[in-house]
Amino acid sequence: MKLAFKIFLLCGILLAILFSFEIQDAQPDNFKYEVFENGSGYGYDILINKKIVIKQQYIPGLSSKQQFCSAEDAEKVARLVNTKLNYGSSPSVTSEEISDLGIHIKCNP
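1. Let's talk about the nonpolar core
Counting 15 residues, the largest nonpolar core has Tyr44, Ile46, Phe68, Val77 and Val81 as the members making the most contacts within it. Of all the secondary-structure elements, those providing two or more residues to this core are β2 (41–48) and α2 (71–86). Among the elements that make up this core, the one with the highest residue count is α2 (five residues). If we ignore the near neighbours within four places in the chain, the residues touching Phe68 are Gly41, Tyr42, Gly43, Tyr44, Tyr58, Ile59, Pro60, Asp73, Ala74, Val77 and Ile103.

Next comes the structure, spelled out in structure tokens:
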């Protein structure tokens, strides 16, 4: 059991290191975004050199899983995350930023 945990932990660390090298190798403006339809809502992908590094199916910064109501809302947040990454900032998004962008939380049927 302890050996399996150590192997699992080592794999996680190696993946984190590989991912960090991929981000460090990225030059400014190498991050791009694409909005996609996700069932009855929308989401977005963040890409580096045409490889998906973030797949966001739900509105970030919320305590519940809620899809974006429109492609426009997904694009607003994708653009924010893309800009943050291109400036070397954390891609995390707060509920305040979601509110400031005017993202609709409740979708009209």
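Anyway, onward from the coordinates.
2. Details of unusual backbone geometry
In this structure, Asn49 takes a positive phi of about 50 degrees despite not being glycine. With respect to the helices, strands and loops of the structure, Asn49 is situated in the loop between β2 and β3 (51–56). Non-glycine residue Lys50 carries a positive phi angle of around 70 degrees. Secondary-structure assignment places Lys50 in the loop between β2 and β3. Residue Lys50 is classed as exposed on the basis of its relative accessible area of 81%.

3. Focus on the pattern of salt bridges
One pass over the full model with this rule turns up four salt bridges. Between Lys55 and Asp45 there is a salt bridge whose closest N-O contact spans 3.1 Å. Of this pair, Lys55 sits in strand β3 while Asp45 sits in strand β2; the two residues are ten residues apart in sequence, bridging distant segments of the chain. Given the relative accessible area of 47%, Lys55 is considered partly exposed. Using a relative accessible area of 6% as the deciding quantity, one classes Asp45 as buried. Here Arg79 and Glu75 are joined by a salt bridge, their closest N and O atoms 3.6 Å apart. Of this pair, Arg79 and Glu75 both sit in helix α2, four residues apart, roughly one helical turn. When its relative accessible area of 41% is taken as the criterion, Arg79 is described as partly exposed.

4. Side note on the sheet that holds strand β1 (residues 31–38)
Strand order in this open sheet of three strands is β1-β2-β3, and the pairing throughout is antiparallel. Pairing within the sheet leaves two strands with one partner each, and these edge strands are β1 and β3. The sheet shows a mean angle of 30 degrees between the axes of neighbouring strands, taken without regard to direction. The sheet contact formed by β2 and β3 spans five bridges and is antiparallel. Across the sheet, Tyr44 pairs through a bridge with Gln56, a residue of β3.

Cut-off values and rules
Residues numbered from 1 in each chain as written. Predicted model: local features only at pLDDT ≥ 70, side-chain atom pairs only at ≥ 80, totals over all residues. Heavy atoms only, no water. Core = buried A, V, L, I, M, F, W, Y, C linked by side-chain atoms within 4.5 Å. Buried < 20%, exposed > 50% of the residue type's maximum accessible area, 1.4 Å probe, protein only. Helix = DSSP H or I, 4+ residues; strand = E, 2+ residues; numbered from the N terminus. Contact = heavy atoms within 4.5 Å. Salt bridge = Lys/Arg side-chain N within 4 Å of Asp/Glu carboxyl O. Pairing = 2+ DSSP bridges. Axes fitted to C-alpha atoms, helices over the stretch in contact; angles between N-to-C directions.

Purely geometric stuff here, so don't read any function into it on its own.
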